[in-house]
Amino acid sequence: MKMILSIINHDDAPTVIHNLTKEGFQVTKLATTGGFLKAGNTTILVGVNDEKVDTVLGIISKHSRSRSQLLPTTEMGSGGVYSSMPVEVMVGGATCFVLNIERMEKA
Ligand code: 2BA
């Protein structure tokens, strides 16, 4: 058995979760925050048998888009004048980790 841990954009989360549950997968959704942008994202947990991993990754990938986001930065220039120079960062689609699960129990 595997645990798929996938970090996705907030805007993609409802569609990803809808399509996973429609296909019979159980999903847990966590509200998370990216360390770099310090912006909210969504992490989903999906526990599945090994042979279903590619199906789940396919559904997540199909419904997750990459986006460019502007990261505000401030720099001190000559003469002590601050200027803001936003940096463009590409975010996503989804960042997925597939973890081995030794045992699952519903107690
Ligand atoms: P954030 O940490 O907020 O990162 C947002 C985006 O900023 C990243 O998109 C990447 O394009 C860029 N970025 C992140 N750290 C950077 C750095 N040190 N220098 C330059 N650019 C950087 P994604 O790679 O698509 O990641 C989206 C979100 O997925 C991340 O949000 C983070 O919450 C999570 N994530 C990605 N890789 C991870 C990893 N190896 N471990 C844990 N979480 C990860």
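Residues numbered from 1 in each chain as written. Predicted model: local features only at pLDDT ≥ 70, side-chain atom pairs only at ≥ 80, totals over all residues. Heavy atoms only, no water.

Describing unusual backbone geometry
In this structure, the amide linkage connecting Gly 92 to the following residue, Gly 93, adopts the cis form with an omega of -5 degrees. The phi dihedral of Lys 38 is positive, around 55 degrees, even though this residue is not glycine. Mapping Lys 38 onto the fold places it in the loop between β2 (28-33) and β3 (40-48). (Helix = DSSP H or I, 4+ residues; strand = E, 2+ residues; numbered from the N terminus.)

Looking at the side chain of Ser 6
When you line up the elements, Ser 6 lands in strand β1 (residues 2-8). For Ser 6, a relative accessible area of 0% translates into the label buried. (Buried < 20%, exposed > 50% of the residue type's maximum accessible area, 1.4 Å probe, protein only.)

A closer look at the site of the ligand
Around the ligand sit Ile 7, Gly 34, Gly 35, Phe 36, Leu 37, Asn 41, Val 89, Met 90, Val 91, Gly 92, Thr 95 and Phe 97, and that is every residue in its neighbourhood. Interatomic distance of 3.2 Å between a backbone N/O atom of Gly 35 and an oxygen atom of the ligand. In the model, an oxygen atom of the ligand is placed 2.5 Å from a nitrogen or oxygen of the Met 90 main chain. Mapped by element, the contributors of at least two residues to the shell around the ligand are β7 (87-91) and β8 (95-100). (Near = heavy atom within 4 Å. Polar contact = N/O pair within 3.5 Å; in protein donor to acceptor, adjacent residues only side chain to side chain.)

Quick notes on the pattern of salt bridges
Considering all chains together, one arrives at 3 salt bridges under this definition. Linking Asp 50 and Lys 2 is a salt bridge whose minimum nitrogen-to-oxygen distance equals 4.0 Å. One end of the pair, Asp 50, is in the loop between β3 and α2 (53-62); the other, Lys 2, is in strand β1, with 48 residues separating them in the sequence. When its relative accessible area of 43% is taken as the criterion, Asp 50 is described as partly exposed. The closest approach of N and O atoms between Arg 67 and Asp 12, which form a salt bridge, is 2.9 Å. Within this pair, whereas Arg 67 is found in strand β4 (residues 67-71), its partner Asp 12 is found in the loop between β1 and α1 (13-22), the two being separated by 55 residues in sequence. (Salt bridge = Lys/Arg side-chain N within 4 Å of Asp/Glu carboxyl O.)

Remarks on α2
Every buried residue of α2 is listed here: Val 53, Val 56, Ile 59 and Ile 60. With its buried residues spanning 135 degrees around the axis, α2 presents them on a single face. More than 90 degrees from the buried face of α2, the exposed residues found are Asp 54, Ser 61 and Lys 62. (Arc of directions from axis to C-beta.)

The values reported here are purely geometric and, on their own, carry no functional implication.
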